[in-house]
Each structure stands twice: as C-alpha cells, then as structure tokens.
Amino acid sequence: MSTIESEIIKPKEQNESQSGKYGLLALGILFDSIGMLSFAIPMIGEFSDVIWAPISAMLVYKMYKGTVGKIGGMVSFIEELIPGLDFIPTFTLTWIYTYVIKKDEI
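Residues numbered from 1 in each chain as written. Predicted model: local features only at pLDDT ≥ 70, side-chain atom pairs only at ≥ 80, totals over all residues. Heavy atoms only, no water.

Scored by pLDDT, the chain comes out at a mean of 82, with 82% of its residues at no less than 70. Across residues 4–16 the pLDDT falls below 50, and counting only partners more than four positions away or on other chains, this stretch makes 4 contacts in the model. (pLDDT = per-residue confidence, 0-100. Contact = heavy atoms within 4.5 Å.)

Its place among the elements puts S56 in helix α3 (residues 44–63). Reaching out from S56, the side chain makes a polar contact with the backbone oxygen of A53 at a distance of 3.0 Å. At a separation of 2.8 Å, a polar atom in the side chain of S56 contacts the side chain of S76. Dropping the residues within four chain positions of it, S56 is found in contact with S76, E80 and F91. (Helix = DSSP H or I, 4+ residues; strand = E, 2+ residues; numbered from the N terminus. Polar contact = N/O pair within 3.5 Å; in protein donor to acceptor, adjacent residues only side chain to side chain.)

This is the structure:
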C-alpha cells in the first residue's frame, strides 16, 4: 500500500487529537452557557447554582485528567457557589490553559 492510500484509510493521530481538542472546547462553551443561565432566571437562579456547582466540578474533573482537572473542578465548584461569579467561563478558561498556555507539555 502506498503512503497516500494509508493516509486516506487511516488518518493521522494528530487529526484525531485535534478533533477531540475542539470537541472539548465546544463542550466547554456549552457547559459555560448552562452555568450562566442562572442570570436569566431571577430568584431561582442562585438556587440552581447549588445544584450546578457539584455537577460542573465533576464535569471539569472528568474532561481534564490529572492536576488540571482537580484544580479546575475546585475552581468551578467555588465559582458556581459564590453569587455573582457565574459570568466566569471556567470550562473555556481551563481549555485555554490546557491547549494554548500549556500546549508545549502535551
């Protein structure tokens, strides 16, 4: 099999990691949007943060393994519990830290 045929049949792993990387970004933007929804619902919004805080912490922890996931989960949990901080896009910032700032170590 020639080189061109093997590339068509089996794409390079870099392309697979690129799609996974941007899939995490899309999920992060979606989850950040869900976290910001509490601004849209007066009175009920802060109560929903109590429910969303542990869910968002677990999602960050599962999406980003290791130390980044643990610290990101704690930051997400605290950010969702403190009133008025819902505008901070924790998932997106974690993605930026992982794939833009810390990209050389991946």
